[in-house]
Amino acid sequence: MQKVYSVGQVNAYIKNMFVQDFVLNRISVRGEVSNCKYHTSGHIYFSLKDSAGAMACVMFASARKGLAFRLSDGQQVVVQGSVSVYERDGRYQLYAREIRQDGAGILYEQYLKLKQELEEMGMFAREYKKNIPPYVSRLGVVTAPTGAAVRDIINIARRRNPGIQIILYPAKVQGEGAAKSVAEGIQALDRLGVDVMIVGRGGGSIEDLWAFNEELVARAIFACSTPLISAVGHETDTTIADFVADLRAPTPSAAAELAVTDMSGVLSQILEYHRRLSKNFEYRLEAARQKRQQLTLRFKYVSPTRKLWEMQQRLAEDEDRLLRGMKERLGREQHRLEVYIEKLKGLSPLEKLSSGYSVAAVPGQGRLWSVKQLKEGDPVRVYLSDGYIEGRAEKICPATPEGFEKGETDGENRRKGENPGGIFSGTGDNSCQAGR
C-alpha cells in the first residue's frame, strides 16, 4: 500500500530541499517593488514582479541594516537573500538580507540628493519666483526642434494669439550633452530679451528626462532674468527644473496656454467694455441734455432780466399799495384833523367870544380867574369878539353857593354861575348882596 504523508511533512520536505539547494540559499533577484508594507513589528513585506511573474518577499527587522533607502512601490531593485518555504502556508518566499536600487533607482537617489541640496540653498524659494506677464508678444521656447512638444506649443500659442512671435532654440533634450544644450538655450533666449520662456520636452522615462534633473540646468533657470515656465514630460513627471522655474506646467501644451493669453477672449472683453462705455456715454449724454434743459429753465427764472422785471412788478405793486395806504392814511388823518378842529373850536376863546362870552383880564397880569385877584379900583379889561373894554372894578362881590344875587339884571338872559369873575354887578346900585 502507498504511504500517505501529512501536509506538514510535505512542506517540511520541500523546505529541506530549498535549504540544501546552494543557489537558492544565496541568490540575487531583480524586479519591481509592489504591495510594499512596513509592519509595526519592523518587518517589511513586499513583492517583486516583472513581465513574467511575481514572488513574495520579506525583510525581517534584524536585516534592515541591509536597506539604505526607504522601499516603495514602483522602485526597480535587486534583492539579495535566500528562497525558502513558509511551512504554515506552504508557500515559498524570498527572505531579503540586502536590497539596493537598480538602474533608475540609482538615478532617483541622485535626484533626491540634488533636490535636497538645491532646496537647502533656497533655489526653490517663493520669493525668487517671477510673475508671468499677462500679455506676451515674444515667446521663447527651449526644446527639441522636432516632436509633439514643439508642435503643440506653436499651435496653441498661435491659436491664442495669431500675432505672437515665437523664437525657438533647438536644444538637445535627451542623452549625452542634453543638459549643456538646454542651459545654453536658456542663456541665449534670456540675452535676446523674450517676454516669457518655455523650457521642456515630451514624456519619457526618468532616464529620458534626466537632463532636466541636472544641476547645470537648474542653475541656468535660477539665474535667468526672464520669467520661465517649466514643461517637462507628463503631469505625473516632476523634475528639478519644475521646482526652480517660476511656474510649472503639467505638459508643454498647458505651458503654451499659461504663457499666451487668449486674444479672442481679450477682444470679446474689449468689445464688451466698448459696449458698456458707449451705453454709459449715451446715458450720461442724455442726463447732461436733461440737466441743460433744467438749467435753462432755471436760468430763465433766476436771470437778471427776469429778476429786474419781477422787481419792477413788485415795485409797481408796492407803489400802488403805498399810494392806496397813503390815501387811506391821509383820509383818516384828515378826518381826525376835522374832529380836532371841531374840538378846538369848542375850546377856542374866540369861538366863545363870538357866542356872547367875554374874558376879563388885568392889564399886564393876564386873565382873571378869581375875584380874589382884584381889589376895588383895580383896572380891568374885558375882551369881546370884536374888541375890548377898559374900566375899573367898582365893587367886588364874591359868589355864594346859591349863585349870584337875585337882583342881577343886565338884560341878557344871565344864568347862575355866569360871569364867574363877578366884575360887573349890573344892578345899578353899586351894592353887593352876597353875604348879607
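The name that an unreviewed UniProt entry assigns to the chain is Exodeoxyribonuclease 7 large subunit, with the source organism given as Candidatus Choladousia intestinavium. Under Subunit (unreviewed entry), UniProt gives the following word-for-word description of the chain: "Heterooligomer composed of large and small subunits." The Sequence similarities (unreviewed entry) comment attached to the chain in UniProt states, word for word, "Belongs to the XseA family."

Visitor: Give me the lowdown on the nonpolar core, citing residues and values where you can.
Guide: In this structure, Val 182, Ile 186 and Met 197 are the most contacted members of the largest nonpolar core, which totals 35 residues. Elements supplying a minimum of two residues to this core: helix H3 (104-120), helix H5 (178-192), strand E8 (196-201), helix H6 (215-223), strand E9 (228-232) and helix H7 (240-244). Counting residues per element, this core draws most heavily on H5, at 6 residues. For Met 197, the residues in contact, after removing those within four places along its chain, are Gly 140, Val 142, Ile 186, Leu 189, Asp 190, Cys 224, Thr 226, Pro 227, Leu 228 and Ile 229. Counting 22 residues, the second largest nonpolar core, distinct from the first, contains Leu 24, Leu 48, Phe 69 and Leu 94.

Visitor: Account for the pairing of E9, naming residues and giving values.
Guide: Counting buried positions along E9 gives 5 out of 5 residues, so the element sits mostly inside the fold. Alternating residues of E9 divide into Leu 228, Ser 230 and Val 232 and Ile 229 and Ala 231, and every residue in both groups is buried. As judged from the 5 bridges shared by E8 and E9, these two strands associate in the parallel manner. Residue pairing across strands places Ile 198 opposite Ile 229, the latter belonging to E9. This β-α-β element, E8 to H6 to E9, shows right-handed connectivity. Where E9 lies against strand E10 (residues 247-248), 2 bridges are found, and the strand directions are parallel. Note on E10: the bridge partner recorded for Ile 229 is Leu 247.

Visitor: Help me get a handle on the packing of aromatic side chains, residues and values and all.
Guide: Throughout the structure, instances matching the rule amount to 5 aromatic pairs. Measuring from centroid to centroid gives 6.1 Å for Phe 18 and Tyr 92, while their planes differ by 25°, and the two rings are stacked. Of this pair, Phe 18 sits in helix H1 (residues 7-20) while Tyr 92 sits in strand E5 (residues 91-101), and the two are 74 residues apart along the sequence. A relative accessible area of 43% places Tyr 92 in the partly exposed class. A centroid spacing of 5.6 Å and a plane angle of 50° characterise the contact between Tyr 383 and Tyr 388, whose relative ring orientation is tilted. Given the relative accessible area of 30%, Tyr 383 is considered partly exposed. One Lys or Arg, Arg 70, reaches over the ring of Tyr 38 and ends 4.2 Å from the middle of that ring.

Visitor: Explain H6 to me, using residue names and the numbers behind them.
Guide: Those residues of H6 not exposed but buried are Val 217, Ala 218, Ala 220 and Ile 221. Viewed along the axis of H6, the buried residues span an arc of 165°, placing them on a single side of the element.

Visitor: Can you break down the side chain of Ser 230 residue by residue, with the values?
Guide: Here Ser 230 lies in strand E9. Note on Ser 230: relative accessible area 1%, which makes it buried. The contact partners of Ser 230, leaving out residues within four places of it in the chain, are Val 199, Ala 241, Asp 242, Ala 245, Leu 247, Arg 248 and Ala 249.

Visitor: Report on the pattern of salt bridges, specifying residues and quantitative values.
Guide: Taken as a whole, this structure holds 16 salt bridges when the rule is applied. As a salt-bridge pair, Lys 130 and Asp 246 come within 3.4 Å of each other at their nearest N and O atoms. Remark: Asp 246 occurs in the loop between H7 and E10 and Lys 130 occurs in the loop between H3 and strand E6 (138-143); sequence separation between them is 116 residues. By sharing partners, the salt bridges in this structure join Arg 88, Asp 89 and Arg 91 into a single network.

Visitor: So what's going on with the sheet that holds strand E7 (residues 165-170)? Which residues, and what values?
Guide: In spatial order, the strands read E7-E6-E8-E9-E10; together these 5 strands make up an open sheet with parallel pairing. Every other strand in the sheet has two partners, leaving E7 and E10 as the edge strands with one partner each. The pairing of E6 with E8 spans 4 bridges and is classified as parallel. Looking across to E8, one finds that Leu 139 is bridged to Val 196. Across the sheet, helix H4 (residues 148-160) lies against E6, E7 and E8, angled at about 170° from E6, the strand it touches most.

Visitor: Outline the sheet that holds strand E11 (residues 359-362), supporting the account with residue identities and numerical values.
Guide: What links the strands of a sheet is backbone hydrogen bonding, and the strands pair in either a parallel or an antiparallel sense. Spatially, the 4 strands line up as an open sheet ordered E12-E11-E13-E14, and their pairing is antiparallel. Taken across any chain shown, the strands that pair with only one partner, and hence form the sheet edges, are strand E12 (366-367) and strand E14 (387-392). By the bridge criterion, 3 bridges tie E11 to strand E13 (residues 379-384) in an arrangement that is antiparallel. What sits directly across from Val 359, in E13, is Tyr 383.

How each quantity is defined
- Residues numbered from 1 in each chain as written.
- Predicted model: local features only at pLDDT ≥ 70, side-chain atom pairs only at ≥ 80, totals over all residues.
- Heavy atoms only, no water.
- UniProt positions renumbered as here; feature names shortened; annotations may be inferred.
- Core = buried A, V, L, I, M, F, W, Y, C linked by side-chain atoms within 4.5 Å.
- Buried < 20%, exposed > 50% of the residue type's maximum accessible area, 1.4 Å probe, protein only.
- Helix = DSSP H or I, 4+ residues; strand = E, 2+ residues; numbered from the N terminus.
- Contact = heavy atoms within 4.5 Å.
- Pairing = 2+ DSSP bridges.
- Right-handed = clockwise from strand over helix to strand, strands pointing away.
- Phe/Tyr/Trp six-rings, centres within 6.5 Å; stacked < 30°, edge-to-face > 60°.
- Lys NZ or Arg CZ within 6 Å of the ring centre and 35° of its normal.
- Arc of directions from axis to C-beta.
- Salt bridge = Lys/Arg side-chain N within 4 Å of Asp/Glu carboxyl O.
- Axes fitted to C-alpha atoms, helices over the stretch in contact; angles between N-to-C directions.

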